[in-house]
Amino acid sequence: QVQLVESGGGLVQPGGSLRLSCSRSGRIFSLNAMAWYRQAPGKQRELVASVTSDNHTNYVDSVKGRFAISRDNAGTTVHLQMNSLKPEDTAVYYCYADFLGYRDGQFYRYWGQGTQVTVSS
């Protein structure tokens with residue numbers, strides 16, 4: 001059974017930094033991509049940053065130059081370094097992974113349980 005577990009959220013002042021981590025457990029056949037999404041109260045979940053199996057990264061415009069996504073070579077851990085945080089970054093951040101299943105080779109999408117990030121003075 002594949003699981004994604006996030007850590008690193010919390011309360012930070014505007015201009016501060018946080019580093020989110022996500023650990024993937026469970027056996028898979030091949031990883032396609034890992035990503036971070038966020039959902040603020042009353043808003044739709046949005047893609048913040050993604051990284052593919054060949055380390056191609058993509059960011060939503062609002063975080064470019066401030067956030068950085070990275071993953072280990074095995075694809076079992078993905079990080080989101082968040083700098084120069086703003087109050088509008090406040091949201092629940094979710095780890096995401098899509099991959100081919102080990103037993104059946106089917107395409108799967110998995111989400112973590114989410115971690116709260118609050119940017120406030």
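Refer to the structure presented above.
Note that the structure is predicted; figures quoted are calculated from it, not measured.

Calculation notes
Residues numbered from 1 in each chain as written. Predicted model: local features only at pLDDT ≥ 70, side-chain atom pairs only at ≥ 80, totals over all residues. Heavy atoms only, no water. Helix = DSSP H or I, 4+ residues; strand = E, 2+ residues; numbered from the N terminus. Rg over C-alpha atoms; globule rule 2.2 N^0.38 Å. Buried < 20%, exposed > 50% of the residue type's maximum accessible area, 1.4 Å probe, protein only. Contact = heavy atoms within 4.5 Å. Areas by Shrake-Rupley, 256 points an atom, 1.4 Å probe, with all protein chains shown as cover. Disulfide = S-S within 2.5 Å.

1. Some details on the overall build of the protein
Then comes step 1: Looking only at helices and strands, the protein has 0 helices and 11 strands in total.
Then comes step 2: Listed by position from the N terminus, the elements making up the protein come as β-β-β-β-β-β-β-β-β-β-β.
Then comes step 3: Against the 2.2 N^0.38 benchmark of 14 Å for 121 residues, the protein shows a C-alpha radius of gyration of 14 Å, consistent with a compact globule.
Then comes step 4: Projected onto its principal axes, the C-alpha positions of the protein cover 50 × 25 × 20 Å.
Then comes step 5: A total of 121 residues make up the protein; the buried ones form 42% of that total.
Then comes step 6: Considering only residue pairs separated by 6 or more positions, the protein has 55% of its internal contacts joining residues 24 or more positions apart.
Then comes step 7: Only carbon and sulfur atoms are counted for the fraction: they give 46% of the accessible area of the protein, which is about 6600 Å².

2. Focus on the state of the cysteines
Should the sulfur atoms of two cysteines be covalently bonded, the bond is a disulfide.
Then comes step 1: Applying the stated criterion across every chain yields a total of 1 disulfide.
Then comes step 2: A sulfur-sulfur distance of 2.1 Å marks the disulfide that ties Cys 22 to Cys 95. Because the sign of the S-S torsion sets the handedness, a value of about -85° for the bond joining Cys 22 and Cys 95 places this disulfide among the left-handed ones. Remark: Cys 95 occurs in strand β9 (residues 91-101) and Cys 22 occurs in strand β3 (residues 18-25); sequence separation between them is 73 residues.
Then comes step 3: Using a relative accessible area of 0% as the deciding quantity, one classes Cys 22 as buried.

3. Looking at the environment of Gly 26
Then comes step 1: By the secondary structure assignment, Gly 26 is in the loop between β3 and β4 (28-39).
Then comes step 2: By relative accessible area, Gly 26 is classed as partly exposed at 34%.
Then comes step 3: C-alpha of Gly 26 to C-alpha of Thr 118: the two residues are 92 residues apart in sequence and 30 Å apart in space.
Then comes step 4: Those residues in contact with Gly 26 that lie beyond four places of it in its chain are Gln 1 and Val 2.

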